[in-house]
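Structure at a glance
Residue strings, one per chain:
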Amino acid sequence: MKIDHVALVVADLESTLALYTQTLGFTPVYREIILDQGVEAVGLQAGESIVELLRPLDPDSPIARFRGDADGRMHHVAYRVDDLAATLSRLQAAGIRLIDETPRKGAHGNRIAFLHPKSTGGVLIELCQPGGA
Ligand code: CO
């Protein structure tokens, strides 16, 4: 599986975005509100993958609390799959706990689903099917 994106939750989206674009040299690919996840997301091209900066819309949301007092924190790694529904069925049958039992809409037209960190060694994993119907 390839890495689709790595998502970072940040305290200050504008200053972090300036750092990534002006100083580090990344190019923005998309910027959108993902109401489903309660975030504004900016995707930056990083080779074949994306670095996604996340700004929680609600300062009291779980993703905002996840950042805690840090300026930024890695939130999840998203791996690209060809058939998300089939992959979820296979993982569920293998005993993996799913946050999303069926695919939902993610950023950039992707279909996504999260696996529960209790089943994935403590790191939140997203599975991602680009442009999937
Ligand atoms: Co994601």
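This report concerns the structure included in the present document.

Digging into a nonpolar patch on the surface
A surface patch of nonpolar side chains, amounting to about 300 Å² of accessible area, comprises Ile33, Leu35 and Leu57. Of note, Ile33 is situated in strand E2 (residues 27–34). Owing to a relative accessible area of 45%, Ile33 belongs among the partly exposed residues under this scheme.

Structural notes on the coordination of the cobalt ion
Here the cobalt ion is held by His5 (NE2), His76 (NE2) and Glu126 (OE), and the distances to it run 2.0 to 2.1 Å. Sequence spacing of the donor residues for the cobalt ion, all on one chain, is H-x70-H-x49-E. Note that His5 is positioned in strand E1 (residues 2–10) and His76 in strand E5 (residues 72–80), a separation of 71 residues in sequence. One exposure class covers both His5 and His76, and it is buried.

Digging into the pairing of strand E8 (residues 125–129)
Counting buried residues along E8, 5 of its 5 residues qualify, which places the element largely inside the surrounding structure. Of the two faces of E8, the one holding Ile125, Leu127 and Gln129 and the one holding Glu126 and Cys128 are both buried throughout. When E5 meets E8, the two strands line up parallel, connected through 4 bridges. Paired with Tyr79 across the strands is Leu127, a residue of E8. Sheet topology places strand E7 (residues 111–115) next to E8; 5 bridges connect them, and they run antiparallel. Each residue of the ladder has a partner; that of Ile112, found in E8, is Cys128.

Quick notes on empty space enclosed by the protein
Under the definition given, this model contains 1 cavity of 30 Å³ or more. Counted as a void, the largest cavity has a volume near 60 Å³. Together, His5, Ile34, Gln37, Glu52, His76, Gly106, Ala107, Asn110, Ile112 and Glu126 line the largest cavity. When its residues are assigned to classes, the lining of the largest cavity shows 3 nonpolar, 5 polar and 2 charged.

Scoring rules and cut-offs
Residues numbered from 1 in each chain as written. Predicted model: local features only at pLDDT ≥ 70, side-chain atom pairs only at ≥ 80, totals over all residues. Heavy atoms only, no water. Patch = residues over 30% accessible without salt bridge, like charges linked within 9 Å, V, L, I, M, F, W, Y side chains within 5 Å. Areas by Shrake-Rupley, 256 points an atom, 1.4 Å probe, with all protein chains shown as cover. Salt bridge = Lys/Arg side-chain N within 4 Å of Asp/Glu carboxyl O. Helix = DSSP H or I, 4+ residues; strand = E, 2+ residues; numbered from the N terminus. Buried < 20%, exposed > 50% of the residue type's maximum accessible area, 1.4 Å probe, protein only. Donors = N, O, S within 2.8 Å, 3.2 Å for Na, K, Ca; no water. Pairing = 2+ DSSP bridges. 1 Å grid on protein atoms, 1.4 Å probe; cavity = no way out; pocket = protein on both sides within 12 Å on 5 of 7 lines; lining within 4 Å. Points joined across faces, edges and corners; volume = space filled by probe spheres on them. Nonpolar A, V, L, I, M, F, W, Y, C, P; charged D, E, K, R; others polar.

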